[in-house]
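# Structure at a glance
Listed below, chain by chain, are the residues.
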Amino acid sequence: MSTATTGSLPRSRNGTVPGAGMVTGAGSPAARPLPTRARRPGLIAAAVLLIVGFALTGGLLVSNAAGKTEVLVAAGPVPAGHVVTAGDLRAVSVSGGVRAIPAADLSTVVGRTATVALVGGQLLNRDMLTEDAVPGAGQAMVGLALGLGRLPADGLAPGDRVQAIAVPNAAAAGASLDAPRVLAIGEVFAVRADAASGGDTLITLLVPTDAAGRLAAHGASDQVSLIKVPAAPVAAPGPGAGS
């Protein structure tokens, strides 16, 4: 039996069918498209944000470090009148425009006298120090313990100018109050509250040497009150000054 075929393919002169041996179709490797990697826009954006964030953080840290300055502070309590030593000081880093002495200026601070009492960690500025010895020539330091009513209600501060007035105490019955006597005119050097006495204020005054003994005796007898007065006027230059 012979098998019938429907249709026939044209043959070439050598008897072969054109295109024979070539495999075509959807399943052919040559017909498959090359695989492509899926793009993820969300991950790319996140990576960009991380890079930018790290750059900004690094810049901020560098900026903050560059904006800090080393300044001097009191390493511990320093009483007024104390000659400052290197051991009384330490350096700290601070940010912003603070009014303090740079740590690099340590040598200009050591050997100066504290004009006010300092507490540990307190920033130092030039107003707290003096090159002059305290007390100076012709001066004396006198300490007073004054109760309520013996000084202005708003208190006194270092640098205030005061009159020390002799007043009678409770035991001095019949003493005249019409002509109070000025014991000394001086400057407040230090002030602090006396917790042990339950309300007294401890004040150190700088007064002329010739008035110191009289003031100390009245202070020990509780016969002193202080009156705040204007600062000493600056003398006007004489004729021809500055010429």
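As the structure is a computational prediction, the values presented were derived from the model and not from experiment.

What follows covers the sheet that holds strand β5 (residues 139-146). In space, the five strands of this open sheet follow the order β5-β8-β7-β6-β9, with antiparallel pairing throughout. With one partner strand each, in any of the chains shown, β5 and β9 (224-229) form the two edges of the open sheet. Within this sheet the neighbouring strands show an average axis-to-axis angle of 40 degrees, counted without direction. Across six bridges, strand β6 (residues 161-166) lies against β9 in antiparallel orientation. When the sheet's bridge partners are listed, R161 is paired in β9 with V229.

Right, let's get into the confidence of the model for the protein. On average, the protein scores 77 in pLDDT, and the residues at 70 or more come to 67%. The model gives residues 1-6 a pLDDT under 50, and that stretch makes zero contacts with residues more than four places away or in other chains. Predicted confidence is poor over residues 22-26, with pLDDT under 50, and the contacts of this stretch with residues over four places away or in other chains come to three contacts.

Quick look at the side chain of S225 now. Considering the arrangement of structural elements, one finds S225 in strand β9. Setting aside anything within four residues of it in sequence, one finds S225 in contact with G149, R150, Q163, A164, I165 and V167.

With that out of the way, let us pick up unusual backbone geometry. One non-glycine residue, D222, lies in the positive phi region at around 60 degrees. Positionally, D222 belongs in the loop between α2 (209-220) and β9. For D222, a relative accessible area of 39% corresponds to the partly exposed category.

With twelve residues, α2 should cover 16 Å at 1.5 Å per step; its first-to-last C-alpha distance of 17 Å lies within 8% of that length. All of the buried residues along α2 are A211, A212, L215 and H218. Down the axis of α2, the smallest arc covering the buried residues is 145 degrees, so these residues share one side. Opposite the packed face of α2, turned more than 90 degrees from it, sit the exposed residues D210, G213 and A220. The elements touched by buried residues of α2 are β5, β6, β7 (181-193), β8 (201-208) and β9.

Thresholds applied
The numbering scheme is per chain: residues are counted from 1 as the chain's sequence reads. Residue-level local features of this predicted model are given only where pLDDT is at least 70; pairs of side-chain atoms are given and counted only at 80 or more, and the full residue set underlies all totals for whole chains, interfaces and linings. Water and hydrogen atoms play no part in the side-chain values, which are based on all heavy atoms of the structure. The criterion for strand pairing is that DSSP finds at least two bridges linking the strands in question. In this description a helix means any DSSP run of H or I spanning at least four residues, a strand means any run of E spanning at least two, and both kinds are numbered starting from the N terminus. Here an axis means a line fitted to C-alpha atoms, over the contact stretch when the element is a helix, while the angle between two N-to-C directions is reported on a 0 to 180 degree scale. The score called pLDDT rates the predictor's confidence residue by residue, from a low of 0 to a high of 100. In what follows, residue pairs with any heavy atoms lying within 4.5 Å of each other are defined as contacts. The classification of residues rests on relative accessible area computed with a 1.4 Å probe and restricted to protein chains. Under 20% of the type maximum is buried, over 50% is exposed, and intermediate values are partly exposed. By this rule, a helix spans an expected 1.5 Å times one less than how many residues it contains. Directions are taken from the helix axis to each C-beta atom, and the arc is the one they span.

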